[in-house]
2 protein chains.
Amino acid sequence: MAEKVTIADVARRAGVSRQTVSNALNSPGVVREETRQRVLRAVEELGYRVNQAARQMRTGRSRLIAIRIEPDRDGINGSVLDRFLHGLTESAARSGYRVLLYTADDDRAEVDTFEDLLGAYEPDAFVLTSTHHGDLRTAWLLDQKVPFVTFGRPWSSDSPKHLWVDVDGAAGTAAATRHLLDAGHRAIGFLGWPPGSGVGDDRREGWARTLTAAGVDPTGLSRATSDEVADGEKAAYDLLRSDLGVTALVCASDSLALGALHAARSPGLAWQPGRGPGGGAAERPVAVIGFDDTPVAKAVGLTSLSQPLAQAAAHCVALLTTLLDGQAKPGEPPANVLLEPSLVVRQSA
Amino acid sequence: MAEKVTIADVARRAGVSRQTVSNALNSPGVVREETRQRVLRAVEELGYRVNQAARQMRTGRSRLIAIRIEPDRDGINGSVLDRFLHGLTESAARSGYRVLLYTADDDRAEVDTFEDLLGAYEPDAFVLTSTHHGDLRTAWLLDQKVPFVTFGRPWSSDSPKHLWVDVDGAAGTAAATRHLLDAGHRAIGFLGWPPGSGVGDDRREGWARTLTAAGVDPTGLSRATSDEVADGEKAAYDLLRSDLGVTALVCASDSLALGALHAARSPGLAWQPGRGPGGGAAERPVAVIGFDDTPVAKAVGLTSLSQPLAQAAAHCVALLTTLLDGQAKPGEPPANVLLEPSLVVRQSA
DNA sequence: CGGCATGATTAGATCGATCAAAATAAACTG
DNA sequence: CAGTTTATTTTGATCGATCTAATCATGCCG
């Protein structure tokens, strides 16, 4: 291990007291400029780094941000969290924070972990993902007055007030739908999840809104299913063989979109003569757009909506630091952030 | 925040001294059984949790394991690290450790981060991934006597000795090749990376060895390219249209395999009459096997080799804990671990 | 029953930083 | 120039745990 350099070593070298070293580093305004320089030089020469544990004992601040790493369920959307995590780690480091990981199988287990962590490592804040209706976690954290941000809006109107950063799913599906309308499609279907999930409802809403605005009635053009490739394929097949003349699909996830692609390629559906936009236009495969721009989308040439994850992570850190370091004025709370996804156009649409 | 419970509170409650509480928890053998019970009851009642920062100050141990989270380059293989990370977090928690993340753009930056972290948070150990020839990091850590394990073997024969856990890539490609041989294929090609990368050479070797053992000369049946889908497609196309009658491909990654699948489906190559195994057998698509069993493989039905990542992570933690907690005997160092990947058979082969 | 290992518990110091308050130096005021 | 005010630096205590060494019980033996 490297030899330890303490604040006392620096003090000795600079010919001042420990406290002056501390002040030079933490409250530069209070020390004379010349001594500050002298201290900084000593710090440099000795390679001094403040010991977090010791600082934490006195200040109660660990400069740690904790976040849960989920077992990537279906695997496809797991990469979203992964990319977010990377962005979070980078942004946090820039603000002098480190990211601590934990796992938990459900809300209750996660709250237990909160207690564990707060008792042992005392992270300064938590970042929550996958927020949902009636989230136990946010309520608990608010109750305990533990700082946190969620990546994802609080979906219920009655859900507790807290900081959040999110990506505007509706804006995304709206953009996707417009893209398809511009390409001449009219009967544009939607493949999503059963009502009740905030994220899913939001994404469906963007599609419906845009279609309606374009004079197309979305009724009957939507299907809901669980987030599995196979289920997406079934639902897409069902929608495509209906007599609504669906020529394009906007999907709530890349998993569903991949299923849709499979369905669209199944015999008797893709390349249907006379079904392309514009009536008797040339044969054309069913257009499909996914959501999240996962590696799978890139791999199979699926057009998809990309979330600005690094940006979202940076905003999370920014909100937390104003909450932790800066003094958030009571009258003027930090603003929540809603980011827009961007459409990555590939072969599928 | 929750009210803080210190060891003094527990001591008061149990009617003993602080030190006895500490002993009851850390050196149970030294305390009378009855008092131990009394202390444990007090701990339970008050919800006491040892403060890591305070403990760390005295013992110098943080119970933190640091690992770098990489920006998933091509996206496809990023999920491997993600799954490993999840396993690591779970295993570490079981042993009373937490995982701390950091990022770094290259070896040199990573070594700088080592210094930063060791000075500030004092992680007890590091887990390194993506080890490579002439790795600066392992040399530095060994020199500083900082405990660490690598997920990945030290590839050079002259590389420094340290703990590692790895997955036997050669065994994997050998199994894949056998699987293809059993299915009747003879001219089985290999798609990999340019020589020089330990991992890539290892995977190629397993294929070549197995083919040779089956009496097939692997000469000319191999192509090397960078790990991109498009490059894989080009290389596969090149190999397939040669006059060697290649009917199956083993690939060093899912990215390459995906490219191979595309190539195999390109007109004039797939379903080539008379080219199937057994000479004039029925038409058959080119078989493809990938490596890593990424979400993409699952999504497109690609047969692939799955690494036991959770297991690998667990072994990493096990090695570290014997190194840190247990007393690794000088004469009998902890054994490195080589795990076998398993073949996940899907439609592609 | 004194002398002494052995067992169980406790008091005091310590890790490295920061806080609070005191001490010292410099500057200002009438 | 004494009397303060202001700027700068220093001393001592403290955060919560563990280490070291000392204290207090017990049990055993000759």
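Check the entry above for the structure.
These numbers come from a predicted model, not from an experiment.

Participant: Kindly report on empty space enclosed by the protein, identifying the contributing residues and their values.
Facilitator: All chains considered together, the criterion is met by four cavities of 30 Å³ or more. By volume, the largest cavity amounts to about 90 Å³. Taken together, Q52, A53, Q56, S62, L64 and Y121 of chain A together with Q52, A53, Q56, L64 and Y121 of chain B make up the lining of the largest cavity. Looking at the lining of the largest cavity, the elements with two or more residues in it are α4 (52–59) of chain A together with α4 (52–59) of chain B. Taken together, the residues of the lining of the largest cavity break down into six nonpolar, five polar and no charged.

Participant: Before we move on, can you summarise the protein's contact with DNA strand C with the specific residues and values?
Facilitator: The environment of DNA strand C is made up of 27 residues, and the closest members are I7, Q19, S22 and N26 of chain A together with T20 of chain B. In DNA strand C, the atoms that sit within 4 Å of the protein are 56% sugar and phosphate, with bases accounting for the remainder. Note that a phosphate oxygen of DNA strand C is positioned 3.2 Å from one of the side-chain N or O atoms of R55 of chain A. Elements that contribute at least two residues to the surface near DNA strand C include exactly α2 (18–26) and α4 of chain A together with α2 (18–26) and α4 of chain B. When residues in the surface near DNA strand C are grouped by element, the largest group, five residues, is from α4 of chain A. Considering only residue class, the surface near DNA strand C consists of eight nonpolar, 11 polar and eight charged.

Participant: I'd like a rundown of the relation of the copies chain B and chain A, residues and numbers included.
Facilitator: Of the transformation superimposing chain B on chain A, the axial component is 0.0 Å and the angular component is 180°, with the fit at an RMSD of 0.1 Å. With respect to symmetry, the two chain copies, as superposed, fit the operation of a two-fold axis. Same-surface contact between copies: 100% of interface residues of chain B are shared with the interface of chain A.

Participant: Explain unusual backbone geometry to me, and be specific about the residues and the numbers.
Facilitator: All names here are of chain A. Positive phi, normally seen in glycine, also occurs at E122, with a value near 50°. Mapped onto the elements of the fold, E122 is located in the loop between α6 (107–120) and β3 (125–129). Its relative accessible area of 9% is what places E122 among the buried residues.

Participant: Describe in detail the sheet that holds strand β9 (residues 287–291) of chain B, supporting the description with residues and values.
Facilitator: Residues and elements named next belong to chain B. The sheet built from six strands is open, its strands ordered β7-β6-β8-β9-β10-β12 with mixed pairing. Each edge of the open sheet carries a strand with a single partner, namely β7 (222–224) and β12 (342–344). Mean inter-strand twist for the sheet, computed between neighbouring axes without regard to direction, equals 20°. Two strands pair when backbone bridges link them, and β9 and strand β10 (residues 303–306) are joined in this way by three bridges, in the parallel orientation. For G290, the partnering residue across the bridge sits in β10 and is S304. Sitting on the sheet, helix α8 (residues 169–182) touches β6 (188–192), β8 (248–251), β9, β10 and β12, and the angle it makes with β9 is about 165°.

Participant: Please provide a residue-by-residue account of the protein's contact with DNA strand D, values included.
Facilitator: Taken together, 26 residues form the shell around DNA strand D, and within it T20 of chain A together with I7, Q19, S22 and N26 of chain B come nearest. Restricting attention to atoms of DNA strand D within 4 Å of the protein, one finds that 56% of them are sugar or phosphate atoms. Between DNA strand D and R58 of chain B, the relevant distance is 3.0 Å, taken from a base oxygen to a side-chain nitrogen or oxygen of the residue. Looking at the surface near DNA strand D, the elements that each hand over two or more residues are α2 and α4 of chain A together with α2 and α4 of chain B. Looking at the surface near DNA strand D element by element, the count peaks at five residues for α4 of chain B.

Reading guide: rules and limits
Residues numbered from 1 in each chain as written. Chains lettered and ligands numbered in written order. Predicted model: local features only at pLDDT ≥ 70, side-chain atom pairs only at ≥ 80, totals over all residues. Heavy atoms only, no water. 1 Å grid on protein atoms, 1.4 Å probe; cavity = no way out; pocket = protein on both sides within 12 Å on 5 of 7 lines; lining within 4 Å. Points joined across faces, edges and corners; volume = space filled by probe spheres on them. Helix = DSSP H or I, 4+ residues; strand = E, 2+ residues; numbered from the N terminus. Nonpolar A, V, L, I, M, F, W, Y, C, P; charged D, E, K, R; others polar. Near = heavy atom within 4 Å. Polar contact = N/O pair within 3.5 Å; in protein donor to acceptor, adjacent residues only side chain to side chain. Least-squares fit on C-alpha atoms with pLDDT ≥ 70 in both. Contact = heavy atoms within 4.5 Å. Buried < 20%, exposed > 50% of the residue type's maximum accessible area, 1.4 Å probe, protein only. Pairing = 2+ DSSP bridges. Axes fitted to C-alpha atoms, helices over the stretch in contact; angles between N-to-C directions.

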